[in-house]
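Residue-level structure breakdown
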Amino acid sequence: MFELFKKRKHSPKPTKTLRYKNWTEFTQNPHHQWIINDKYLLRSFQFFFELLDQRANIFLSKNKINFIHTNGSFACGLTKTNQSYNIILFKEVVKFFYSANPDVGIAILAHELGHFVHDHSQKFENGTIDSKMAQLEADQFAIDLGLIDPLETFLRDFSKHPDVTYRLRNIEIIRSK
């Protein structure tokens, strides 16, 4: 997990005050008690918040995000409702946080947050982005946070997403630069 700090693309770091504010709001959100009460989940989310750059922290400071656990496959981000965004985490993602290497789960969180930061729901409505481009932008968001290896692991070993081949090809292109 700590190797990610070495691989992180250099982007502006958030102020400690902003990061602390976002973490405090996260821990006080009643939707997150299932995370706070579990040491493995809490550890993974702490690491996730530490990885976030200035752009992500500014987004979080202006928007409420709920991480909701339910049954299903992997994760998805829902459009903004009631002044909050919701990332639905299914049991397959939660299992990653209990593993010896929770980075795959963290990469999935970053990818889903990337959809919100890039405002993909609005871009879909406007017709200014298609599904493939949205997936690539969300992948790039995770990659910029230093999560290229766990993202690639997820796509190769676990994902059944229809655009997985295209996304893996994009990772190969990024690695070749």
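Since the model is a prediction, treat every value here as computed from it, not as a measurement. (Residues numbered from 1 in each chain as written. Predicted model: local features only at pLDDT ≥ 70, side-chain atom pairs only at ≥ 80, totals over all residues. Heavy atoms only, no water.)

**A look at the packing of aromatic side chains**
The line we're drawing: Stacked, edge-to-face and tilted labels apply to pairs of Phe, Tyr and Trp rings (six-membered ring for Trp) whose centres lie within 6.5 Å, assigned for plane angles under 30 degrees, over 60, and everything in between, in that order. Helical segments are the DSSP runs of H or I of at least four residues, strand segments are the runs of E of at least two, and each set is numbered from the N terminus.
The full count for this structure, using the stated rule, is 13 aromatic pairs. Between tryptophan 23 and phenylalanine 49, the aromatic rings sit 5.2 Å apart at their centres with planes inclined by 75°, giving edge-to-face as the arrangement. Taken together, the positions of tryptophan 23 in helix 2 (residues 16–28) and phenylalanine 49 in helix 4 (residues 39–51) put the pair 26 residues apart, joining distant regions of the chain. Taking the centre distance of 5.7 Å and the plane angle of 55° together, the rings of tyrosine 40 and tyrosine 98 count as tilted. Remark: tyrosine 98 occurs in the loop between helix 6 (91–97) and helix 7 (103–117) and tyrosine 40 occurs in helix 4; sequence separation between them is 58 residues. Counting every residue linked through ring pairs, the aromatic cluster contains Trp23, Phe26, Phe45, Phe48, Phe49, Phe67 and Phe97.

**Considering the nonpolar core**
Going by this rule: Side-chain atoms within 4.5 Å are what join buried Ala, Val, Leu, Ile, Met, Phe, Trp, Tyr and Cys residues into a set we call a nonpolar core. Note on classification: 1.4 Å probe, protein chains only; a residue is buried when its accessible area is under 20% of the maximum for its type, exposed when over 50%, partly exposed between these limits. When checking whether two residues touch, look at their non-hydrogen atoms; a contact exists if any pair is within 4.5 Å.
Residues Phe45, Phe48, Ile65, Phe67 and Leu113 are the most contacted members of the largest nonpolar core, which totals 43 residues. Ranked by residues supplied to this core, first place goes to helix 7 with nine residues. Setting aside chain neighbours within four positions, we find phenylalanine 48 in contact with Phe67, Ile106, Leu109, Ala110 and Leu113.

**Here we look at unusual backbone geometry**
Even without being glycine, aspartate 119 reaches a positive phi, approximately 55°. Note that aspartate 119 resides in the loop between helix 7 and helix 8 (120–126).

**Remarks on the packing of helix 2 against helix 4**
The condition that has to hold: Lines fitted to C-alpha atoms define the axes, with helix axes restricted to the stretch in contact, and inter-axis angles between N-to-C directions lie between 0 and 180 degrees. Note on angle classes: values under 35 degrees are labelled roughly parallel, values over 145 roughly antiparallel, values of 65 to 115 roughly perpendicular, and the remainder oblique. Each crossing gets its handedness from the near helix: less than a right angle anticlockwise from the far helix is left-handed, clockwise is right-handed. Any residue outside Ala, Val, Leu, Ile, Met, Phe, Trp, Tyr, Cys, Pro, Asp, Glu, Lys and Arg is labelled polar, Gly included; the first ten of those are nonpolar and the last four are charged.
It is the contact of helix 2 with helix 4, at a shortest axis distance of 10 Å, that shows an interaxial angle of 150°. The orientation of helix 2 with respect to helix 4, classified from their angle, is roughly antiparallel. Two packed elements cross with a definite hand, and for helix 2 against helix 4 that hand is right-handed. In this structure, helix 2 uses Arg19, Asn22, Trp23 and Phe26 to contact helix 4, whose residues at the interface are Leu42, Phe45, Gln46, Phe49 and Glu50. Of the residues belonging to the contact of helix 2 with helix 4, the class tally is five nonpolar, two polar and two charged.

**With respect to the pairing of strand 3 (residues 84–90)**
Put simply, the rule reads: A pair of strands is treated as paired once DSSP finds two or more bridges between them.
Burial analysis of strand 3 places seven of its seven residues in the buried class, the great majority of the element. Here strand 3 shows no split at all, with Ser84, Asn86, Ile88 and Phe90 on one side and Tyr85, Ile87 and Leu89 on the other all buried. When strand 1 (residues 64–70) meets strand 3, the two strands line up parallel, connected through seven bridges. The residue bridging asparagine 66 from the neighbouring strand is asparagine 86, located in strand 3.

**Re the environment of serine 131**
Relative to the assigned elements, serine 131 resides in helix 9 (residues 131–144). Judged by relative accessible area, serine 131 falls into the partly exposed class, the value being 37%. In this view, serine 131 contacts Phe124 and Asp163; residues no more than four positions away in its chain are not counted.

**Let's talk about the packing of helix 7 against helix 9**
At a closest axis distance of 7 Å, the pairing of helix 7 and helix 9 adopts a crossing angle of 120°. Here helix 7 is positioned oblique relative to helix 9, judged by the angle of their axes. Between helix 7 and helix 9 lies a crossing whose hand is right-handed. For the pair formed by helix 7 and helix 9, the contact residues are Ala107, Ala110, His111, Leu113, Gly114, His115 and Val117 on the first element and Ala134, Gln135, Ala138, Asp139, Phe141 and Ala142 on the second.

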